[in-house]
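Understanding the architecture of this molecule
One letter stands for each residue in the lines below.
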Amino acid sequence: MKAVVLESFGGPEVLAIREVPDPVPGPEEIRIRVAASALNRADLLERQGFYPPPGRKPAFQIPGLEVSGWVDAVGDRVTRFLPGDAVMALLTGGGYAEYALSHERLAMAVPPGLPVVEAAAIPEVFLTAFDGLYARGGGKPGDRVLVHAGASGVGSAAIQLARQAGFRVAATVGSQRKLEACYAFGADRVINYRTETFREAVAEWSGGEGVNVILDFVGQQYLEDNLLSLAPEGTMVLIGTLSGSAASINLGIVLARRLKIHGTALRSRPLEQKMALVQAFHHQAAGWLSSGAVKPVIDRAYPLAEVADAHRYMESNQNIGKILVQI
Ligand SMILES: NC(=O)c1ccc[n+]([C@@H]2O[C@H](COP(=O)([O-])OP(=O)(O)OC[C@H]3O[C@@H](n4cnc5c(N)ncnc54)[C@H](OP(=O)(O)O)[C@@H]3O)[C@@H](O)[C@H]2O)c1
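Residues numbered from 1 in each chain as written. Predicted model: local features only at pLDDT ≥ 70, side-chain atom pairs only at ≥ 80, totals over all residues. Heavy atoms only, no water.

**Quick look at the nonpolar core**
Core analysis: the largest hydrophobic core is formed by 50 residues, its most contacted members being Leu161 and Phe281. For this core, the elements supplying multiple residues, two or more each, are strand S5 (86-90), helix H2 (123-136), strand S8 (144-147), helix H3 (153-164), strand S9 (168-173), helix H4 (176-185), strand S11 (211-216) and helix H8 (271-291). The residues that make up this core include at least three from each of domain 1 (2-122 + 291-326) and domain 2 (125-263). Once residues within four sequence positions are removed from consideration, Leu161 is found in contact with Phe126, Ala129, Phe130, Leu133, Phe281, Ala285, Trp288 and Val294. Leu304, Val307, Ala310 and Met314 belong to the second largest nonpolar core, which has 22 residues in total. (Core = buried A, V, L, I, M, F, W, Y, C linked by side-chain atoms within 4.5 Å. Buried < 20%, exposed > 50% of the residue type's maximum accessible area, 1.4 Å probe, protein only. Helix = DSSP H or I, 4+ residues; strand = E, 2+ residues; numbered from the N terminus. Domains from an automatic or database assignment. Contact = heavy atoms within 4.5 Å.)

Below, the structure is given as structure tokens:
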């Protein structure tokens, strides 16, 4: 099969398409004939050599944390899918390829009515956002949530899920175009950080009470203002560190407001935890996806041969929602 293989690390030009052996499914795995994979910020780090796949080094390092497509072969103990089924799946790697393997319990049926290609934009960011809001953030309907990078892949999923679940949602973005998009996703208040200070805007929006949950991707640069934007007993869920990871913290704020800081990394979690997350997400959100109440947000799609341009586009921070690589 054709696949993007990382033979060296560096800029987008290291993404080389090679011919490699087709993957063979293990007993509980399905092999997916890939319709599309979607980019994640982590793919840029992996390409630069900073985010190796967890566990044993693979024979061919193929990036790609999620795919959609059709089941093509199944292992001996697979019970949930048959060849021909349309699925979307969370992977630890291997998505930028004609065929990919997934444990059957990390795959979900493509929601009815959704084109199979578009479903590639769901697994990684919707599962991350869902986990951040509920399991990590402990959010409940009626809570106020602040979603940073609201127009990112994860942000666009988080705003829709939070809105659908009855949260009140504020989001931050870096442009007017992204601001309008976040209102369309269902945010109640969108803050352009280039023209407003998010701490002041959140204080005003919440009547001085602060927010119960923050989904943060920025890290270092936002830490203090995040802590000062939380309501007592609030939780900051740290999902990314786009501005840097070393930061000093005023423990007095954490102590006085009884705050929680919860870090998360999906890719390296044990298989059992990922299975439980997929199941919980499917239970709560499958109906929303089927009815179109929440939707994958797709900025654009590139053919596999132009995967380097897809990386360059993500690096330019222009995307609203997801970037697909169509196989
Ligand atoms: N922990 C996990 O398991 C997990 C899983 C999935 C994703 N993530 C993380 O979640 C984040 C979003 O991922 P994604 O794939 O959805 O990203 P994405 O679609 O590429 O969007 C990232 C956006 O973040 C904003 N941004 C970039 N640098 C920034 C900075 N220094 N300060 C403030 N904003 C900045 C930009 O939007 P603006 O123009 O609005 O600034 C950019 O477009 C990444 O950090 C990624 O690593 C973590």
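**Focus on the packing of H2 against H8**
Two elements in contact, H2 and H8, have axes whose closest approach is 10 Å; the angle formed by their N-to-C orientations is 95 degrees. When the axis of H2 is compared with that of H8, the two are roughly perpendicular. Across the interface between the two elements, Phe126, Leu127, Phe130, Asp131, Tyr134 and Arg136 of H2 pack against Gln273, Leu277, Val278, Ala280, Phe281, Gln284 and Trp288 of H8. (Axes fitted to C-alpha atoms, helices over the stretch in contact; angles between N-to-C directions. Parallel < 35°, antiparallel > 145°, perpendicular 65-115°, else oblique.)

**Things to note about the pattern of salt bridges**
In total, this model carries 17 salt bridges according to the counting rule given. Across the salt bridge formed by Arg18 and Glu7, the nearest N and O atoms sit 2.9 Å from each other. Linking Arg18 in strand S2 (residues 15-19) with Glu7 in the loop between strand S1 (2-6) and S2, this pair joins segments that are eleven residues apart in sequence. Classification of Arg18 by relative accessible area gives partly exposed; the value is 35%. For Asp299, the salt bridge goes to Arg300, with nearest N and O atoms at 3.1 Å. Where salt bridges share partners, they join Asp131, Arg136 and Arg269 into one cluster. (Salt bridge = Lys/Arg side-chain N within 4 Å of Asp/Glu carboxyl O.)

**Some points on the site of the ligand**
Within the structure, the ligand sits among 24 residues, and Arg41, Lys178, Tyr193, Thr264 and Leu266 are positioned closest to it. Val154 is positioned such that a nitrogen or oxygen atom in its backbone is 2.9 Å from an oxygen atom of the ligand. In the model, an oxygen atom of the ligand is placed 2.9 Å from a nitrogen or oxygen of the Asn319 side chain. Contact with the protein chains removes 89% of the 920 Å² of surface that the ligand exposes when unbound. Elements supplying a minimum of two residues to the shell around the ligand: H2 and H3. (Near = heavy atom within 4 Å. Polar contact = N/O pair within 3.5 Å; in protein donor to acceptor, adjacent residues only side chain to side chain. Areas by Shrake-Rupley, 256 points an atom, 1.4 Å probe, with all protein chains shown as cover.)

**Structural notes on the sheet that holds strand S13 (residues 260-263)**
Taken in spatial order, the six strands line up as S10-S9-S8-S11-S12-S13 in an open sheet, and their pairing is parallel. A single partner strand is all that each edge strand has here, and the edge strands are strand S10 (189-192) and S13. Across the sheet, the mean angle from the axis of one strand to that of its neighbour is 15 degrees, orientation sign disregarded. One ladder, built from four bridges, connects strand S12 (residues 230-238) with S13; its direction is parallel. Its bridge partner lying in S13, Thr235 is registered against Lys260. The strands that H2 touches are S8, S11, S12 and S13; relative to S11, the one it contacts most, it runs at about 145 degrees. (Pairing = 2+ DSSP bridges.)

**Considering a nonpolar patch on the surface**
Nonpolar side chains collect at one region of the surface, where Ile249, Leu251 and Ile261 lie side by side and expose about 270 Å² of accessible area between them. Ile249 gets classed as partly exposed once you look at its relative accessible area, which sits at 36%. (Patch = residues over 30% accessible without salt bridge, like charges linked within 9 Å, V, L, I, M, F, W, Y side chains within 5 Å.)

**Re the packing of aromatic side chains**
Throughout the structure, instances matching the rule amount to six aromatic pairs. Here the aromatic rings of Phe198 and Tyr222 are separated by 4.9 Å at their centres, their planes lie at 50 degrees, and the arrangement is tilted. Placement of Phe198 in helix H5 (residues 198-205) and of Tyr222 in the loop between S11 and helix H6 (223-229) is noted, with a sequence separation of 24 residues between them. Summarising the burial analysis for this pair, Phe198 and Tyr222 share the class buried. Aromatic pair Tyr302 and Tyr313: ring centres 6.5 Å apart, planes at 50 degrees, arrangement tilted. With Tyr302 in strand S14 (residues 298-303) and Tyr313 in helix H9 (residues 307-315), this pair connects stretches of sequence that are eleven residues apart. (Phe/Tyr/Trp six-rings, centres within 6.5 Å; stacked < 30°, edge-to-face > 60°.)

**What about the side chain of Thr172?**
With respect to the helices, strands and loops of the structure, Thr172 is situated in strand S9. Setting aside anything within four residues of it in sequence, one finds Thr172 in contact with Leu146, Val147, His148, Ala149, Gly150, Ile191 and Phe198.

**Focus on the domain arrangement of the protein chain**
With domains assigned, the protein chain is organised as domain 1 (2-122 + 291-326) and domain 2 (125-263). Summarising the inter-unit geometry, the C-alpha centres of domain 1 and domain 2 are found 28 Å apart. On the domain 2 side, the residues contacting the 18 residues of domain 1 number 15 residues. Summed over both partners, the interface of domain 1 with domain 2 buries about 1,300 Å², with 63% contributed by carbon and sulfur atoms. Looking only at domain 1, the three residues that lose the most surface to domain 2 are Ile122, Val294 and Ile320, adding up to 38% of its buried area. Across the contact surface, domain 1 and domain 2 share five residue pairs in polar contact (both at pLDDT 80 or more). Of the residues in the side of domain 1 that touches domain 2, the class split is nine nonpolar, five polar and four charged. (Buried area = accessible area lost by both parts, 1.4 Å probe. Nonpolar A, V, L, I, M, F, W, Y, C, P; charged D, E, K, R; others polar.)

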